[in-house]
Amino acid sequence: MQISTEKNNLFGEQAVFAQRVRAILATRHNRVPKATVITFGCQQNVSDSEKLKGMLCSMGYEITEDEHSADFIIFNTCAVREHAQDRVYGNIGKVKQLKKDNPLLIAAVCGCMAQQEIVAEKIKKSYPYIDIVFGTQVFHRLPEFIYKRLKGSGRIFERDLPNGDIVEQIPIKRDGTFKGWLPIMYGCNNFCTYCIVPYVRGRERSRDPEEILAEARQMVKDGYKEITLLGQNVNSYGKGCDHGINFSKLLRKICEIEGDFRIRFMTSHPKDCTIELLDTIKDCEKISRHLHLPFQSGSSRILKLMNRYYDREGYLKLIKEARARIPDVSFTSDIIVGFPGETYEDFKETLSLVEEVKFSSLFTFIYSPRNNTPAAAMPDPVTRKEKGKWFDELLRLQEKIAAENIKEYVGKEYKVICDDYGSEEGYLSGHTSSSAVVEFKGDSSLIGNFVNVRVTSCQGGSLKGIIIE
Ligand code: 5AD
Ligand code: SF4
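Values in this document were obtained by computation on a predicted structure and should not be read as measured data.

*Asks:* I tried to follow the site of ligand 1 on my own but got confused; where do I start?
*Replies:* Every residue near ligand 1 is listed here: V80, R81, Y194, Q296, D334, I336, F365, I366, Y367, S368 and R370. Between Y194 and ligand 1, the recorded distance is 3.0 Å, taken from a backbone N or O atom to a nitrogen atom. At a separation of 2.8 Å, a nitrogen atom of ligand 1 approaches a polar backbone atom of S368. Elements supplying a minimum of two residues to the shell around ligand 1: strand 13 (330-337) and strand 14 (361-366).

*Asks:* How should I be thinking about the site of ligand 2 in this particular structure?
*Replies:* Looking at ligand 2, the residues that line it are C188, N190, F191, C192, Y194, C195, V197, P198, Q232, H269 and R308. Each residue belonging to the shell around ligand 2 can be placed in one class, and the counts come to 7 nonpolar, 3 polar and 1 charged.

*Asks:* Would you mind showing me how to read the environment of N405 here?
*Replies:* Its location among the elements puts N405 in helix 14 (residues 384-406). If we skip the residues at most four places from it in the chain, N405 touches K358, F359 and S360. Polar side-chain contacts of N405 include one of 2.9 Å to the backbone oxygen of F359.

*Asks:* For this particular structure, what's the right way to read the pairing of strand 11 (residues 262-266)?
*Replies:* Each regular strand carries side chains that alternate between the two faces of the sheet. Of all the 5 residues making up strand 11, 5 are buried; the element is thus mostly covered by neighbouring parts of the structure. The alternating pattern of strand 11 places R262, R264 and M266 and I263 and F265 on opposite faces, both of which are buried. Following the chain from strand 10 (residues 226-230) across helix 9 (residues 247-255) to the adjacent parallel strand 11, one finds a crossover that is right-handed.

*Asks:* Mind showing me how you'd approach the sheet that holds strand 2 (residues 62-63) here?
*Replies:* Strand-to-strand pairing in sheets goes through backbone hydrogen bonds, with the strands running parallel or antiparallel. Pairing in this open sheet of 6 strands is parallel, and the strands run 2-1-3-4-5-6 from one edge to the other. Looking along the sheet, the strands with just one partner apiece sit at the ends: strand 2 and strand 6 (156-158). Its contacts with the sheet place helix 6 (residues 142-150) against strand 3 (72-77), strand 4 (106-111), strand 5 (132-134) and strand 6, and it is angled at close to 155° to strand 5.

*Asks:* Mind showing me how you'd approach unusual backbone geometry here?
*Replies:* Negative phi values dominate among residues other than glycine, just as trans dominates among peptide bonds. Going from M266 to T267, the amide bond is cis rather than trans, its omega being 5°. In this structure, Q296 takes a positive phi of about 70° despite not being glycine. Among the secondary structure elements, Q296 is positioned in the loop between strand 12 (290-292) and helix 11 (300-306). Of note, the phi angle at Y309 is positive, near 65°, even though the residue is not glycine. With respect to the secondary-structure elements, Y309 resides in the loop between helix 11 and helix 12 (312-325). What makes Y309 exposed here is its relative accessible area of 61%.

*Asks:* Can you walk me through the nonpolar core in this structure?
*Replies:* Across soluble globular proteins, nonpolar side chains have a tendency to be buried as a group. Within the largest apolar cluster, 68 residues are counted, with the highest numbers of intra-cluster contacts made by I184, Y194, L229, F247, I254, F265 and Y315. Ignoring any residue separated from it by four or fewer positions in sequence, one finds I184 in contact with S206, R207, I212, L229, L230, V234, Y237, F247 and L250. Membership of the second largest hydrophobic core comes to 29 residues, among which are V138, Y147, L150 and I156.

*Asks:* How should the packing of aromatic side chains be read in this particular structure?
*Replies:* In this structure the tally under the stated criterion is 16 aromatic pairs. Look at Y127 and Y129: their rings are 6.2 Å apart centre to centre, the planes differ by 85°, and that puts the pair in the edge-to-face class. Residue Y127 shares its accessibility class with Y129, and that shared class is buried. For the pair F247 and F265, a centre-to-centre distance of 5.0 Å together with 80° between the ring planes defines the contact as edge-to-face. In this pair, F247 sits in helix 9 while F265 sits in strand 11, placing the two residues 18 residues apart along the sequence. On the basis of relative accessibility, which here comes to 2%, the residue F247 falls in the buried class. Taken together through their ring pairs, the aromatic side chains of F295, Y310, Y315 and F359 make up a single cluster. Note that K122 overlies the ring of Y89, its terminal NZ or CZ placed 3.9 Å from the centroid. When the ring centre of Y224 is taken as reference, the NZ or CZ atom of R174 above it lies at 5.8 Å.

*Asks:* Where do I start with the domain arrangement of the protein in this structure?
*Replies:* You'll often see interface size given as the accessible area lost when the parts meet. You can read the domains of the protein as domain 1 (2-158), domain 2 (175-407) and domain 3 (410-468). Domain 1 and domain 3 are separated by 39 Å when their C-alpha centres are compared.

*Asks:* Mind showing me how you'd approach the packing of helix 12 against helix 13 (residues 344-357) here?
*Replies:* Angle between the axes and distance between the axes are the two parameters that describe a pair of packed helices. Remark: helix 12 packs on helix 13, axes separated minimally by 11 Å, with the N-to-C direction vectors making an angle of 10°. In terms of orientation, helix 12 lies roughly parallel with respect to helix 13. Taking contact as the criterion, the partners of R312, Y315, L316, I319 and R323 in helix 12 are, on helix 13, E349, S352, L353, E356 and V357. Of the residues assigned to the contact of helix 12 with helix 13, the class counts are 5 nonpolar, 1 polar and 4 charged.

*Asks:* Please explain the confidence of the model for the protein as it appears in this structure.
*Replies:* Taken as a whole, the protein shows an average pLDDT of 95; of its residues, 98% reach a score of 70 or greater. Taken together, the stretch residues 1-7 has pLDDT below 50 and engages in 24 contacts with residues farther than four places along the chain or on a different chain.

*Asks:* Where do I start with the pattern of salt bridges in this structure?
*Replies:* Pairs can form between side chains of opposite charge once their charged atoms are near each other. The final tally for this structure, using the stated rule, is 31 salt bridges. Ionic pairing is found between K53 and D175, a salt bridge with its closest N-O pair at 2.8 Å. Pair noted here: K53 is in helix 2 (residues 43-58) and D175 is in the loop between strand 6 and strand 7 (179-183), with a separation of 122 residues, a long-range link. Judged by its relative accessible area of 11%, K53 is buried.

*Asks:* It is not clear to me how helix 5 (residues 117-126) should be interpreted in this structure. Could you clarify?
*Replies:* An α-helical turn contains 3.6 residues, so a residue and the one three or four places further along point in the same direction. Those residues of helix 5 that sit buried are V119, A120 and I123. In an axial view of helix 5, the angular spread of the buried residues amounts to 100°, which keeps them on one side of the axis. Seen from the open side of helix 5, the exposed residues pointing more than 90 degrees away from its buried face are I118 and K125. Structurally, helix 5 contributes buried residues whose contacts are with helix 3 (82-92), strand 4, strand 5 and strand 6.

The rules behind the values
- Residues numbered from 1 in each chain as written.
- Chains lettered and ligands numbered in written order.
- Predicted model: local features only at pLDDT ≥ 70, side-chain atom pairs only at ≥ 80, totals over all residues.
- Heavy atoms only, no water.
- Near = heavy atom within 4 Å.
- Polar contact = N/O pair within 3.5 Å; in protein donor to acceptor, adjacent residues only side chain to side chain.
- Helix = DSSP H or I, 4+ residues; strand = E, 2+ residues; numbered from the N terminus.
- Nonpolar A, V, L, I, M, F, W, Y, C, P; charged D, E, K, R; others polar.
- Contact = heavy atoms within 4.5 Å.
- Buried < 20%, exposed > 50% of the residue type's maximum accessible area, 1.4 Å probe, protein only.
- Right-handed = clockwise from strand over helix to strand, strands pointing away.
- Pairing = 2+ DSSP bridges.
- Axes fitted to C-alpha atoms, helices over the stretch in contact; angles between N-to-C directions.
- Core = buried A, V, L, I, M, F, W, Y, C linked by side-chain atoms within 4.5 Å.
- Phe/Tyr/Trp six-rings, centres within 6.5 Å; stacked < 30°, edge-to-face > 60°.
- Lys NZ or Arg CZ within 6 Å of the ring centre and 35° of its normal.
- Domains from an automatic or database assignment.
- Parallel < 35°, antiparallel > 145°, perpendicular 65-115°, else oblique.
- pLDDT = per-residue confidence, 0-100.
- Salt bridge = Lys/Arg side-chain N within 4 Å of Asp/Glu carboxyl O.
- Arc of directions from axis to C-beta.

Written out as structure tokens, the structure reads:
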């Protein structure tokens, strides 16, 4: 059951704290105070960090990448795998020296790691120089936390997970000028047995469609050419809400906004990917011809243990339905290698599924046990070394498939978004609606715009093309 959200003004109180912080900072530093935001993890975190930056700017901070010149530093953390967590601990350790160099520095840790009690306790004990620690659902209270600390409060630890209304109207400072994130929902209800997300981000909550549409309209007005809708499972957008707008309807409404722009979305859970959604993609030219559809494992036995609610056959049928409707669609996926109890026979089913679907690219992970998740208590006899070998086998297979896939593009014409400079002098790089990257000669003024390109060759796994009218 989702909690429907009303447009609310929970940020109003925080705006008052922001003004108070601004006034204190004006006397505390005899220059413009600076803040650094260090982000780990997924796009949702990147998007949250854009709001942290927006709030910091509203408090009078200037954002800097240079942590040595920062007066405030915040680590927005990820807990999805152990490796991500270890990296965070390595990073927050350096605050000790930064504080020696700048005694006025305030340091904070937030995000999925900070939401876990065990992590908050560790920071409390072992990292005394971290001033503020707060979880995923109170991050809009950053102005209040900074204000209290500036006024001499003790260290602040706040891990409330209220599962309440979504706080709208948080200021935002987007990193990009033509590609931007737009969160449409938060949290997850799926409880895949390996995953910590539902515990650290709480239950699924959808944003009000009018809030989303207003933000999308503003982004188009501001010149954004690509808007990526974000959620742990965008396909269940609107479930339990009384406005009757599901994900497909939301997409159609966003497509009605006038202007030349493209919509992407992630992540789609295969169990909720409907024919209605596939038809919507087919009908709406503004929606990217690309589906990120994590299948995690090719073995139905393992999928059941993962609590994924689909099997191998169901997944392959969905891919077939999608290709029948949207012939130029490309697929990417997430895969976990070495889930507890997975045998090499199971893993071979993952390999054969990869071979069958021919994904354009894959995000592959070796299983990492997460605190208090059901999978962490399952017997896991295969060694890390063995899992590493399977992982390498999967990578080699995908490299071969990606190199084959990409040849399909040669000789065809595409409308691409020009992203950046290319890898060679005089070249630019862009991506098609299906997310294939192509390089072509052109002037840097094209960056951030749509360009029509004919793909002329495929060299060493990358596409080259020329601009056409
Ligand atoms: N171990 C390894 N990979 C994981 N993922 C989520 N939890 C774990 C875990 N415990 C992967 C899944 C998910 C992606 C975002 O991260 O593949 O789709
Ligand atoms: Fe984690 Fe599964 Fe939710 Fe994705 S759908 S965030 S893998 S629990």
